[in-house]
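# Summary of the model geometry
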Amino acid sequence: MQLDVRGPRFAAMVTTVVLIVIALTRSGWLAAAQAVVFAVGALSARHAPYGVLFRVLVAPRLGPPREVEPAEPVRFAQAVGFVFATVAALGFLTGATAVGLVATAFALIAAFLNAAFGLCLGCEAYLLLRRLGPARRA
């Protein structure tokens, strides 16, 4: 499956805003909701909530994509986001606020880099792991 590159950047913009709200409010429940969003995106790029918003509300107004990217690195990045959002939710909900803030900050940095500069850290990690995978087996 190929994705319009503008979709993941839009999702990263929405995610950045959500993570800022999580950091400011220290809401474990909002972090848990974001973890669910990440989980859905990790399981299916087609059904990722922010991706659906992009396809339904934004993409029709932009015209056809000039560039596409494979879905697998984006799904991996969503899985990494899921881990950080889950740790953040658990931290905030159990009173380990520092853990929640650090996990939120890591996710926020990654989301912001993608939204602002198109640099997907999770995608880059996926590609690096793919390159290292066969070398380890040899």
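The coordinates are above.
This report concerns the structure included in the present document. (Residues numbered from 1 in each chain as written. Predicted model: local features only at pLDDT ≥ 70, side-chain atom pairs only at ≥ 80, totals over all residues. Heavy atoms only, no water.)

### As for the overall build of the protein chain
Put simply, the rule reads: Under the DSSP-based scheme used, a helix requires at least four consecutive residues in state H or I and a strand at least two consecutive residues in state E, with every element numbered from the N terminus. Two things to know: the radius of gyration comes from C-alpha atoms, and the globule rule equals 2.2 Å times the number of residues to the power 0.38. Any two residues having at least one pair of non-hydrogen atoms within 4.5 Å are treated as being in contact. Here the open area of atoms and residues is found with the Shrake-Rupley method and a 1.4 Å probe, where only the protein chains shown may cover a residue. Counted as positive: Lys and Arg. Counted as negative: Asp and Glu. His and the chain ends are not counted at all. Throughout, a charge is located at the NZ atom of Lys, the CZ atom of Arg, the CG atom of Asp or the CD atom of Glu.
For the protein chain, the helix and strand inventory stands at six helices and two strands. When the helices and strands of the protein chain are listed from N to C terminus, the series reads β-α-α-α-β-α-α-α. For the protein chain, whose C-alpha radius of gyration is 15 Å, the value lies close to the compact-globule estimate of 14 Å for 138 residues. Across its three principal directions, the C-alpha atoms of the protein chain cover 50 × 45 × 25 Å. Long-range pairs, those at least 24 residues apart, make up 73% of the contacts in the protein chain between residues at least 6 apart in sequence. Accessible area of the protein chain: about 8100 Å², with a carbon and sulfur share of 71%. Here the protein chain contributes 12 positively and 5 negatively charged side chains, and the mean placements of these two sets differ by 5 Å.

### Section: the packing of helix H1 (residues 6–25) against helix H5 (residues 97–117)
Stated formally: Lines are fitted to the C-alpha atoms to define the axes, a helix being fitted only along its stretch in contact, and any angle between axes, read from their N-to-C directions, falls within 0 to 180 degrees. Any angle that falls under 35 degrees is termed roughly parallel, while one over 145 is termed roughly antiparallel, one within 65 to 115 roughly perpendicular, and all others oblique. Each crossing gets its handedness from the near helix: less than a right angle anticlockwise from the far helix is left-handed, clockwise is right-handed. The residue classification treats Ala, Val, Leu, Ile, Met, Phe, Trp, Tyr, Cys and Pro as nonpolar and Asp, Glu, Lys and Arg as charged. All others, Gly included, are polar.
Contact geometry for H1 and H5: axes closest at 8 Å, N-to-C directions at 150°. Viewed along their axes, H1 and H5 adopt a mutual orientation that is roughly antiparallel. Crossing angle aside, the handedness with which H1 passes H5 is left-handed. Each of Pro8, Arg9, Ala12, Met13, Thr15, Thr16, Leu19, Ile20, Ile22 and Ala23 in H1 lies in contact with H5, whose residues at this interface are Leu101, Thr104, Ala107, Leu108, Ala111, Phe112, Asn114, Ala115, Ala116 and Phe117. Here the residues of the contact of H1 with H5 sort into 15 nonpolar, four polar and one charged.

### A few points about the nonpolar core
Rules: Buried residues of nine kinds, namely Ala, Val, Leu, Ile, Met, Phe, Trp, Tyr and Cys, make up a nonpolar core once their side-chain atoms join them within 4.5 Å. Accessible area is worked out with a 1.4 Å probe on protein chains only. A residue is then buried under 20% of its type maximum, exposed over 50%, and partly exposed in between.
Ranked by internal contacts, the top residues of the largest apolar core, which has 13 residues, are Val18, Leu19, Ile22, Ala31, Tyr50, Ala88 and Phe92. For this core, the secondary structure elements donating two or more residues are H1, helix H2 (28–43), helix H4 (71–94) and H5. In terms of residues, this core owes the most to one element, H1, which gives four residues. Ranked by size, the runner-up nonpolar core spans seven residues in total, among them Leu3, Ala45, Ala71 and Cys120.

### Some points on the packing of aromatic side chains
Rules: Think of it this way: a Phe, Tyr or Trp ring, Trp meaning its six-membered ring, pairs with another when their centres are within 6.5 Å, and the plane angle makes it stacked under 30 degrees, edge-to-face over 60, tilted otherwise.
A full pass over the atoms with the stated rule returns four aromatic pairs. Note on Phe112 and Phe117: the rings are 6.1 Å apart at their centroids and 90° apart in plane angle, and the pair reads as edge-to-face.

### Here's the deal with H5
One turn of an α-helix holds 3.6 residues; hence residues three or four places apart share an orientation. To be explicit about the condition: The span you would expect from a helix comes to 1.5 Å times its residue count less one. Read the arc as the range of directions from the helix axis to the C-beta atoms.
With 21 residues, H5 extends 29 Å from end C-alpha to end C-alpha; this agrees with the ideal 30 Å at 1.5 Å per step. Those residues of H5 that fall on the buried side of the exposure criterion are Gly100, Ala103, Thr104, Ala107, Ala111, Asn114 and Ala115. End-on view of H5: buried residues confined to an arc of 105°, all on one side of the axis. Exposed and facing more than 90 degrees away from the buried side of H5 are Ala98 and Phe117. Among the structural elements, H1 and H4 are those in contact with the buried residues of H5. One or two steps after H5, the chain reaches Gly118, where phi turns positive at roughly 75°.

### Structural notes on the environment of Ala98
Inspection of the secondary structure puts Ala98 in helix H5. Through-space distance from the C-alpha of Ala98 to that of Arg26 is 9.9 Å; in sequence the pair is 72 residues apart.

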